[in-house]
Amino acid sequence: QELHALLKVCDDWAAIDLSGLERGVQTHRCEHCNPQKQQRCRAYQRLLAQLQGARDHQFFGVQFRAIYLIALNHMFYPVDIGSISKAAVDFKNGHVKFRRGKTDTVRVGILLPVTIDAIQAWLNFRHDGHDLLFLNTAGSAWSTKGLGERLAEHREVAGLTDETLTFRAFRKGGYEAALRNPHVDLYTAKILAGHATGITDSYVDANPERCRLAVESIGRVYSLLDRH
């Protein structure tokens, strides 16, 4: 329920209609404005700030739907969200394969259809050439602090008062949901979570399909299999 409350905030923000604000900014004229001298009245500045705020909400709405879903689906830490590249996602089969930052930890998995749809919507929304899959409003990698601040804001908007609902909770929830399927062994859950297993990196890197049952279990527990 908490996950879907957060996703609703994202969907509401993504659906914001900017046309009225954009039209107001473009057509604003008054005796206190002199566009040639780049002098604008307070009313215009307020309108411009409202437009930028609405654009930011839309930016966060589209992006964080994808972030929340991949954080659960793939048991991502914030460092994974901040470092994963666009090239790590294969949209044909849903496979994810990448190595995390300085630690070079191998991360593999499979994305649910609903997660793939959310990521594709985010990529279609973007107008940049950056290699990273997720970006902050400055066009650079997300920090753990920045991701946490946005999640706290979304919790407040959704009316969720549990402050333990952090990205760690997404990871823990995904792990427990994967193991709800008795056919998912502990090694597979650990591989999906990026934990050390003693299995060679080359084997892990070559076998994302091993995670399919675990991912489908997460989808069932969180009612995500029919939402794409």
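Residues numbered from 1 in each chain as written. Predicted model: local features only at pLDDT ≥ 70, side-chain atom pairs only at ≥ 80, totals over all residues. Heavy atoms only, no water.

### What about the overall build of the protein?
Within the protein, the secondary structure is distributed over 10 helices and two strands. Ordered by position from the N terminus, the helices and strands of the protein form the series α-α-α-α-β-β-α-α-α-α-α-α. In terms of overall dimensions, the protein has a C-alpha envelope of 70 × 35 × 30 Å along the principal axes. For the protein, contacts bridging at least 24 residues in sequence account for 67% of all contacts bridging at least 6. Within the structure as shown, the protein displays about 12100 Å² of accessible surface, and the carbon and sulfur contribution to it stands at 49%. When the 29 positive and 25 negative side-chain charges of the protein are each reduced to one mean point, those points stand 3 Å apart. (Helix = DSSP H or I, 4+ residues; strand = E, 2+ residues; numbered from the N terminus. Contact = heavy atoms within 4.5 Å. Areas by Shrake-Rupley, 256 points an atom, 1.4 Å probe, with all protein chains shown as cover. Lys, Arg positive; Asp, Glu negative; His and termini not counted. Charge placed at Lys NZ, Arg CZ, Asp CG, Glu CD.)

### What about unusual backbone geometry?
Backbone geometry follows two general trends: most residues other than glycine have a negative phi, and most peptide bonds adopt the trans configuration. Residues other than glycine seldom take positive phi values, yet M75 does so here, at roughly 55°. Looking at the secondary structure, you find M75 in the loop between α3 (42-73) and α4 (78-83). Positive phi outside glycine occurs at S223, with the angle close to 55°. Residue placement: S223 occurs in the segment after α10 (212-221).

### A short note on the environment of C211
By the element assignment, C211 lies in the loop between α9 (201-206) and α10. Relative accessible area serves as the criterion here: at 0%, C211 is assigned to the buried category. For the pair C211 and T105, spaced 106 residues apart in sequence, the C-alpha separation works out to 17 Å. When near neighbours in sequence (up to four residues on either side) are disregarded, C211 contacts V108, G109, I110, T188, I191 and L192. (Buried < 20%, exposed > 50% of the residue type's maximum accessible area, 1.4 Å probe, protein only.)

### Observations regarding the layout of surface pockets
There is about 340 Å³ of room inside the largest pocket. In terms of lining residues, the largest pocket is bounded by 15 residues, among which E2, L3, L165, A169 and Y222 are the most central. When residues of the lining of the largest pocket are traced back to their parent elements, those giving at least two are α1 (2-14) and α7 (167-178). Sort the elements by how many residues they give to the lining of the largest pocket and α7 lands first, with four residues. When its residues are assigned to classes, the lining of the largest pocket shows seven nonpolar, five polar and three charged. (1 Å grid on protein atoms, 1.4 Å probe; cavity = no way out; pocket = protein on both sides within 12 Å on 5 of 7 lines; lining within 4 Å. Points joined across faces, edges and corners; volume = space filled by probe spheres on them. Nonpolar A, V, L, I, M, F, W, Y, C, P; charged D, E, K, R; others polar.)

### What about the environment of I81?
Along the chain, I81 turns up in helix α4. Along the primary structure I81 and V62 are separated by 19 residues, whereas in three dimensions their C-alpha atoms are 15 Å apart. Excluding residues within four positions of it along the chain, I81 makes contact with I67, A71, F76, F134, L147 and F167.

### Examining the packing of α1 against α3
Packing of α1 against α3 brings their axes to within 7 Å, and their N-to-C directions diverge by 150°. In terms of their interaxial angle, α1 and α3 are classed as roughly antiparallel. Considering only the axes of α1 and α3, their crossing is left-handed. Here L3, L6, L7, C10, D11, W13 and A14 of α1 lie close against α3, whose contacting residues are H57, Q58, F60, G61, V62, F64, R65, Y68, L69 and L72. (Axes fitted to C-alpha atoms, helices over the stretch in contact; angles between N-to-C directions. Parallel < 35°, antiparallel > 145°, perpendicular 65-115°, else oblique. Left-handed = near helix turned anticlockwise from the far one by under 90°.)

### Thoughts on the pattern of salt bridges
By the definition in use, this model includes seven salt bridges. For the salt bridge of R150 with E153, the shortest nitrogen-to-oxygen distance reads 3.2 Å. Taken together, the residues R150 and E153, both in helix α6 (residues 144-158) and three residues apart, mark about one turn of the helix. A relative accessible area of 25% means that E153 is categorised as partly exposed. (Salt bridge = Lys/Arg side-chain N within 4 Å of Asp/Glu carboxyl O.)

### Notes on the nonpolar core
If you look at soluble globular proteins, the nonpolar side chains tend to sit buried side by side. Counting 58 residues, the largest nonpolar core has I67, Y68, I84, F134, F167 and F170 as its most contacted members. Here this core gets 11 residues from one element, more than from any other, and that element is α3. When near neighbours in sequence (up to four residues on either side) are disregarded, I67 contacts I81, F134, W142, L147 and F167. (Core = buried A, V, L, I, M, F, W, Y, C linked by side-chain atoms within 4.5 Å.)

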